[in-house]
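Coordinates in review
These are the residues of each chain, in order.
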Amino acid sequence: MIAGAVRRPLSGPGPWLLAAGALAWLALVIGAPLAVVFAQAVAKGVGPFLDAFKDPDCQAAIRLTLLVAAIAVPLNAAFGLAAAWSIARFEFRGRAFLLTLIDLPLSLSPVISGLVWVLLFGSRGWFGPELDAAGIKIVFALPGLVLGTILVTVPLVARQLIPLMIEQGADEELAAVTLGSGGWTMLRKVTLPNVRYALLHGVLLTNARAMGEFGAVSVLSGHIRGLTETLPLHVEAVYNDYDFVGAFAAASLLAGLAIVTLIAKAALERTAMARTAS
Amino acid sequence: MVALAPTAGPPSAPWREPSALPGFSLAFGFTLFYLGLMVVLPLAALAAKPWEHGVAGFFEVVTAPRTLAALRLSFLAAAAAAAANVALGLLTAWVLSRYDFPGRRIADALVDLPFALPTAVAGIALAALYGPNGWIGEALAHLGVKVAYTPLGVFVALLAVGLPFVVRTLQPVLEDLDAAWEEAAVTLGAGRWTIFARIIAPVLAPALIAGFALAFARGAGEYGSVIFIAGNMPMVSEIAPLVIVTKLEGYDYAGAAAVGVAMVVISMVALAVTNGAQIALARRTRR
């Protein structure tokens, strides 16, 4: 083990001041915006708050958000596993380049992640005329929302798996193969159990980003209420209508999702750490 | 750490090491197919589109006063917010990794919230907080400071966006810092500031630059948490991603792609500069 720094209890005015400063900063930048979401959602009482969810547009937005995540998250999880298996288990030329390519979407503006699909499939895009002729709608429809969401979240599972699998090494998998196990059996019985916490962590992050994505889907949605608006887009639309209770009620649902994600993430990290320690 | 297995016969391909593990073709094939379809093809479209009206057309869009003002605002506000986060993120990371106090775990978990909280939610929350009738906006109005619907609003929104990047880059370095060094320094009679300046700061410097770069890159492209508080006045408080959205709404694909390419190029140059700084710093420390 590394002889790391030890956490000490606060003693003396210096540490107290530092801790107070850090906590005040966190409260201002993160705590206050979170608190204001819930405060505004119930500003006119619980009744109007609950009524916001009876709005059919809001319900349609919730369904669409779940649908988009249900398509994008498994695809990116499958990609993450395949990419991690290739990169962490095999030596080949261009590995570093592949890693860079996987990370690339993280540095794109979400708006650009939406724009690129419009350039390809929009009515004046590369494949626009052909798609129009065939009657296929990608932009301003579900496929576009899914593509934008996928591009924004492509690296998240792969980035959790690759460092862990490199660290674990291939010994157990080689043993399984040597003992005559087939590829799929090895995947199911050795690889997946070994990486399950990292995989779940990646899926959790992907899901949170997918359900909350705004910039990319904003460009791709066309903003048709009840049809192509995900929950974050519904928040914007209702907010721009000056229906603040409706906007913050929908926003509180998304904020709740973020909090649940963080709690699940902390629990996962603790379980994973307890497993490696024992 | 290459897991080489004994294999019979020549390697399967000259560009990769032989391995006894199965599934390379399937996994690698799927990886390439997926990346090609989801990342390379769209980015190729982005790179190809702005030149529809020639090189002059591209520069006409990019050097238009409104585009320049938006690019300047996005990248300057991102740099300022990242710089503020380097200072306050260092304080936060320091307190979270050095001291134990009730509520530390909750505070630590809260740092990740900007990763998980949808940007539109953060956006309307900030607008409500800093608006003329908001909890903070009203107090600031008495001091004569206006945040909402000004460039300052962009900066404030990007503070939250960048915080987790800086804190999460610094924390592991602070936690792994060998306590023996500091103890040795104390034994040799060094004061607190000497220890910080001579021992801790040099070790932290690469992580500080890395955290700055991450927060800057993310902030420059940020859209959702900014547009509600910025007011989006052209030439004043309009950010670059919004220029892209506006051009797309007018079906000006080439113009939108031109601004997109400009953003990507500026980000890449900034990334190269910070990478270079990190390498130069590492060389100096080793000497």
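Cut-offs applied
- Residues numbered from 1 in each chain as written.
- Chains lettered and ligands numbered in written order.
- Predicted model: local features only at pLDDT ≥ 70, side-chain atom pairs only at ≥ 80, totals over all residues.
- Helix = DSSP H or I, 4+ residues; strand = E, 2+ residues; numbered from the N terminus.
- Rg over C-alpha atoms; globule rule 2.2 N^0.38 Å.
- Buried ≥ 20, exposed ≤ 12 C-beta atoms within 10 Å, placed from the backbone.
- Contact = placed C-beta atoms within 7 Å.
- Axes fitted to C-alpha atoms, helices over the stretch in contact; angles between N-to-C directions.
- Parallel < 35°, antiparallel > 145°, perpendicular 65-115°, else oblique.
- Left-handed = near helix turned anticlockwise from the far one by under 90°.
- Expected span 1.5 Å × (residues − 1).
- Bend = angle between axes of the 7 residues up to and from the residue.
- Nonpolar A, V, L, I, M, F, W, Y, C, P; charged D, E, K, R; others polar.
- pLDDT = per-residue confidence, 0-100.
- Core = buried A, V, L, I, M, F, W, Y, C linked by C-beta atoms within 7 Å.

**Thoughts on the overall build of chain B**
Secondary structure summary: chain B contains 13 helices and 1 strand in total. Listing each helix as α and each strand as β along chain B from the N terminus yields α-α-α-β-α-α-α-α-α-α-α-α-α-α. Against the compact-globule benchmark of 19 Å for 287 residues, chain B has a radius of gyration of 24 Å, which places it well outside the compact range. Buried residues in chain B amount to 45% of all 287 residues. For chain B, contacts bridging at least 24 residues in sequence account for 75% of all contacts bridging at least 6.

**Description of the overall build of chain A**
Helix and strand counts for chain A come out as 13 helices and 1 strand. N-terminal to C-terminal, the α/β element order of chain A is β-α-α-α-α-α-α-α-α-α-α-α-α-α. Projected onto its principal axes, the C-alpha positions of chain A cover 70 × 60 × 30 Å. Buried residues in chain A amount to 46% of all 278 residues. Sequence separation of at least 24 residues holds for 74% of the intrachain contacts in chain A that already meet a minimum separation of 6.

**Here's the deal with the packing of helix α5 (residues 110-121) of chain A against helix α7 (residues 142-153) of chain A**
Residue and element names in this part refer to chain A. Running from N to C, α5 and α7 point in directions that differ by 135°, and their axes come no closer than 9 Å. Here α7 runs oblique to α5, going by the angle between their axes. The two elements α5 and α7 cross, and the hand of that crossing is right-handed. Across the interface between the two elements, Pro-110, Ser-113, Gly-114, Trp-117 and Phe-121 of α5 pack against Gly-144, Leu-147, Gly-148, Leu-151 and Val-152 of α7.

**Let's talk about helix α3 (residues 65-98) of chain B**
Its 34 residues place the ends of α3(B) 48 Å apart at the C-alpha level, agreeing with the 50 Å of an ideal helix rising 1.5 Å per residue. Its axis deflected by about 30° at Val86(B), α3(B) carries its strongest bend there.

**Quick notes on the interface of chain A and chain B**
Where interface size is given, it is often the accessible area lost as the parts come together that is meant. The interface is formed by 84 residues belonging to chain A together with 82 residues belonging to chain B. Here the side of chain A that touches chain B gets 17 residues from one element, more than from any other, and that element is helix α1 (residues 13-41) of chain A. Classifying every residue of the side of chain A that touches chain B gives 62 nonpolar, 14 polar and 8 charged.

**Thoughts on the confidence of the model for chain A**
With 97% of its residues at a pLDDT of 70 or more, chain A has an overall mean of 92. Ranking the elements of chain A by mean pLDDT puts strand β1 (residues 8-9) of chain A last with 84 and α7(A) first with 97.

**Considering the environment of Ala125(B)**
As for its placement among the helices and strands, Ala125(B) is situated in helix α6 (residues 119-130). Sequence separation between Ala125(B) and Ile229(B) is 104 residues, and the spatial gap between their C-alpha atoms is 9.0 Å.

**Some remarks on the nonpolar core**
Burial of nonpolar side chains together is a common tendency in soluble globular proteins. One finds Leu115(A), Val121(B) and Ile124(B) to be the most contacted residues of the largest nonpolar core, which totals 174 residues. At 16 residues, helix α3 (residues 56-89) of chain A tops the list of elements feeding residues into this core.

**A look at the environment of Val40(B)**
Residue and element names in this part refer to chain B. If you trace the backbone, Val-40 turns up in helix α1 (residues 24-48). C-beta crowding within 10 Å serves as the criterion here: with 13 such atoms nearby, Val-40 is assigned to the partly exposed category. In this structure, the C-alpha to C-alpha distance between Val-40 and Arg-192, residues 152 residues apart in sequence, is 51 Å.

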